[in-house]
Amino acid sequence: DLLELSRLEGTDRAWHLVPLDLADLVEETANTYREIAQEADLLLYVEIGDYLPPIQGDATLLRQVITNLLDNAIKYTEPGGHVWMTLSGDDEAVHLSVRDTGVGIPPTHLDRIFERFYRVDKGRCRKMGGTGLGLAIVKHIVEKHHGKIAVESEYGEGTCFTVTLHDIPEEQMVPAAASS
Ligand code: ATP
Ligand code: MG
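Everything numeric here is computed off the predicted structure, so don't read it as measured data. (Residues numbered from 1 in each chain as written. Chains lettered and ligands numbered in written order. Predicted model: local features only at pLDDT ≥ 70, side-chain atom pairs only at ≥ 80, totals over all residues. Heavy atoms only, no water.)

This brings us to the site of ligand 1. If you check the shell around ligand 1, you find 21 residues, and the closest are N72, Y76, D100, R119 and L135. With respect to ligand 1, the side chain of R119 contributes an N or O atom lying 2.9 Å from an oxygen atom. Contacts to ligand 1 include G134, whose backbone N or O atom sits 3.3 Å from an oxygen atom. If you list the elements that add at least two residues to the shell around ligand 1, you get helix 3 (59-75), helix 5 (134-144) and strand 7 (158-166). Among the elements that line the shell around ligand 1, the one with the most residues is helix 3, at three residues. Considered class by class, the residues forming the shell around ligand 1 number ten nonpolar, seven polar and four charged. (Near = heavy atom within 4 Å. Polar contact = N/O pair within 3.5 Å; in protein donor to acceptor, adjacent residues only side chain to side chain. Helix = DSSP H or I, 4+ residues; strand = E, 2+ residues; numbered from the N terminus. Nonpolar A, V, L, I, M, F, W, Y, C, P; charged D, E, K, R; others polar.)

The structure is reproduced here in structure tokens:
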């Protein structure tokens, strides 16, 4: 993960922008996690809007965004809970939300969770075996796509991460290695 993050920060990972079907990526990721969710006694829902504007992106990187967010939602939600992945679109952008009825994040930690190695409660999470890099990677990938990520959470109630992606203008579609 650390290697992946430094690659993203550096210039040596060429990225491959292609027209993307985010709905496919979301379905695919949900299917990968269906069994894990079931074993954790969680209900996993996928809701895909009718209209999604076309966007360009790197499928491998965006798959990682969806995977890391879903992995967290499942990991930080108690048995009996619910997890939703929602994809919606308007003229401007595609919005991907990953929402859960999990443990939530206290307000004082909300600004810091995207920092590398940052974990809310090391004691609580130790058994989960995470390193605190997942969201740092997510944020990097989203920013590389000129997108935005937002989080809303209520401690003890649940959390919702929303990623907004616009189509990348032609002139910005240069490989990261060439641009920086
Ligand atoms: P890794 O993803 O590297 O395996 P991690 O899950 O601990 O480890 P991040 O994904 O970066 O690291 O998340 C950082 C911290 O933010 C987590 O340790 C957890 O405390 C909190 N967090 C992230 N997602 C959620 C969520 N859906 N619900 C509650 N807390 C969350
Ligand atoms: Mg994680």
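Strand order in the open sheet made by the five strands is 2-4-5-7-6, with mixed pairing throughout. The open sheet has two free edges, formed respectively by strand 2 (43-48) and strand 6 (148-154), since each of these has just one partner strand. Strand-to-strand twist in this sheet, taken as the mean axis angle between neighbours without regard to direction, amounts to 10°. One ladder, built from six bridges, connects strand 2 with strand 4 (residues 82-89); its direction is parallel. By the bridge assignment for strand 4, V46 is matched with M85. Its contacts with the sheet put helix 2 (residues 22-39) on strand 2, strand 4, strand 5 (93-100) and strand 7, and the angle it makes with strand 2 is roughly 170°. Sheet strands touched by helix 5: strand 6 and strand 7. Its angle to strand 6, the strand with the most contacts, is close to 140°. (Pairing = 2+ DSSP bridges. Axes fitted to C-alpha atoms, helices over the stretch in contact; angles between N-to-C directions. Contact = heavy atoms within 4.5 Å.)

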